[in-house]
Amino acid sequence: SSALAKTTVLTADRLVDVEGGNLVKNAVVIVEDDKIIAAGTAKEVVIPPNAELIALGDHTLMPGLMDMHVHLTSNATDHGYRSLAVSLPRATINGVKNAQLTLMAGFTTVRNVGAPGFADVALRDAINNNDIAGPRMFVSGPALGVTGGHCDNNLLPYEFHDTGEGVADGPWEIRKMVRRNIKYGATVIKFCATGGVLSKGTKVGAQQYSLEEMKALVEEAHLRGLTVATHAHGTSGIKDAIRAGVDSVEHVSLLDDEAIKMALDKGTYFSMDVYVTEYILNEGEKAGILEESLAKERLVGSQQRENFRKAVDAGIKLVFGSDAGVYPHGDNPKQFARMVKFGMTPMQAIQAATINSATLLKQQDSLGSVKPGKLADIVAVKGNPMEDMSLMENVGMVMKKGRIIKSLAM
Ligand code: ARG
């Protein structure tokens, strides 16, 4: 360690070891510049002299949280026809505000799956350049989908010729769209395999891309070293997406036993947003959500929660994905208590939002756990979330890459 290195020592009553699946008591973590150099119990870790000491007492340290399904450029108040009044510059400004809210809630990494005009790429670059505060971002640009599908824009009549920026039909149009998204900065590919709740005129259960199309999309993305996230509610779309080799399936509402078996065989991750249904059903009408979408949500919400339990019991690899943007950014952690209510242990819910997400992103060497050599993305929660998951809704300290973003005094 060089003489100029900045060393910070964090101490707390507890530290979540997400790789070992246990809670370390009387924890000490040593951070040098942007990296963790030691983590363990007060007995194991030697505290270096001249370090800045942050003694957190009755707090639980854990890796920076990771949300694999957000839309930072969207606001929870702009649903349905209101969305048409949101310009691209306005969406980008929304993103600046929402990136900060997300980071302050403890999420140091997000995967942004669908944004207009590559506003997500601009946001990521501004965050990486330290122009604005926000989480580390993995971004998709516009999501791919079929003409008239969930990832198209179907609100206006024909004469407006309003088409979603990621609409592509047929294997070669799809491959070209993947290549275009990569050209403009995407680091993950998102597509819609089935209809959705919030889109006009789509059936949640109905498959949209064919298996042939999905295979072309996944092959093209994987050739270029990108992972693929697919929106899928209906069973046949979920299965063909898994067959095509997608890395993660999002929502996964209408699951059956065969789909679970296929995902286990292929190692496919599921990202199941088990909180958002509460916001849609309670606040959706005020927020402009169409009546047809509310009706669809009433159908899928409860089934998704039952299937979440089945997926947990079967041992599916699950990540934390919230769909924040549909509901207010910064409220992401509300999903933790629901993940436990619907079948996870508290440790599994935290693993989903840390090491599992890091592994899905292929970033497990630098993110996802508080281990020597990894980037110092660390948060602290007051009390013991293993006993009460709603404590996750109050992250007291946030450190990103060794820098304190939020401290207990704030
Ligand atoms: N963006 C998703 C869609 O429109 C939201 C689905 C939310 N509902 C749920 N139960 N997860 O399809």
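Residues numbered from 1 in each chain as written. Predicted model: local features only at pLDDT ≥ 70, side-chain atom pairs only at ≥ 80, totals over all residues. Heavy atoms only, no water.

Chemist: Could you clarify how one ought to interpret the packing of helix H1 (residues 88-104) against helix H2 (residues 119-128) in this entry?
Modeler: Geometrically, a packed helix pair is captured by the angle between its two axes and the distance between the axes. Put simply, H1 and H2 touch, their axes get as near as 10 Å, and they point 40° apart. As the angle between them shows, H1 and H2 are arranged oblique. Our pair here, H1 against H2, has a crossing hand that is right-handed. Between H1, through Leu88, Thr92, Gly95, Val96 and Ala99, and H2, the contact on the second element is made entirely by Ala119, Leu123 and Ile127. (Axes fitted to C-alpha atoms, helices over the stretch in contact; angles between N-to-C directions. Helix = DSSP H or I, 4+ residues; strand = E, 2+ residues; numbered from the N terminus. Parallel < 35°, antiparallel > 145°, perpendicular 65-115°, else oblique. Left-handed = near helix turned anticlockwise from the far one by under 90°. Contact = heavy atoms within 4.5 Å.)

Chemist: Teacher, can you tell me more about H2 here?
Modeler: Each full turn of the α-helix corresponds to 3.6 residues, which orients residues three or four apart in the same direction. Buried residues dominate H2, accounting for 7 of its 10 residues. Within the sequence span of H2, burial applies to Ala119, Asp120, Val121, Leu123, Arg124, Ala126 and Ile127. Positive backbone phi, at 60°, marks Asn130, one or two positions downstream of H2. (Buried < 20%, exposed > 50% of the residue type's maximum accessible area, 1.4 Å probe, protein only.)

Chemist: What's the story with the state of the cysteines in this structure? I'm lost.
Modeler: The bond known as a disulfide is covalent and runs between the sulfur atoms of two cysteines. Taken as a whole and judged by the stated rule, the model has 1 disulfide. Between the sulfur atoms of Cys151 and its disulfide mate Cys192 the distance is 1.9 Å. Since a negative S-S torsion denotes a left-handed disulfide, the Cys151-Cys192 link at about 40° is right-handed. One end of the pair, Cys151, is in the loop between strand E8 (136-139) and helix H3 (171-183); the other, Cys192, is in strand E9 (residues 188-192), and 41 residues separate them in sequence. Since its relative accessible area comes to 13%, Cys151 is described here as buried. Residue class for Cys192 comes out buried when judged on its relative accessible area of 0%. (Disulfide = S-S within 2.5 Å.)

Chemist: Where do I start with the site of the ligand in this structure?
Modeler: As a structural note, the neighbourhood of the ligand is formed by 15 residues, with Val197, His233, Asp273, Glu297 and Asp323 the closest of them. Contact between the ligand and Asp273: a nitrogen atom at 2.8 Å from a side-chain N or O atom of the residue. Within the side chain of Glu297, an N or O atom sits 2.7 Å from a nitrogen atom of the ligand. Where the shell around the ligand is concerned, the elements lending two or more residues are helix H7 (276-283) and helix H8 (291-314). The element contributing the most residues to the shell around the ligand is H8, with 4 residues. Class assignment of the residues belonging to the shell around the ligand gives a composition of 5 nonpolar, 7 polar and 3 charged. (Near = heavy atom within 4 Å. Polar contact = N/O pair within 3.5 Å; in protein donor to acceptor, adjacent residues only side chain to side chain. Nonpolar A, V, L, I, M, F, W, Y, C, P; charged D, E, K, R; others polar.)

Chemist: Is there a simple way to think about the environment of Ala376 in this case?
Modeler: One can find Ala376 in the loop between helix H11 (355-360) and strand E14 (378-382). Here Ala376 falls in the buried class, since its relative accessible area comes to 0%. Not counting the four nearest positions on each side in its chain, Ala376 is found in contact with Val31, Asp34, Lys35, Ile36, Met399, Lys400, Lys401 and Gly402.

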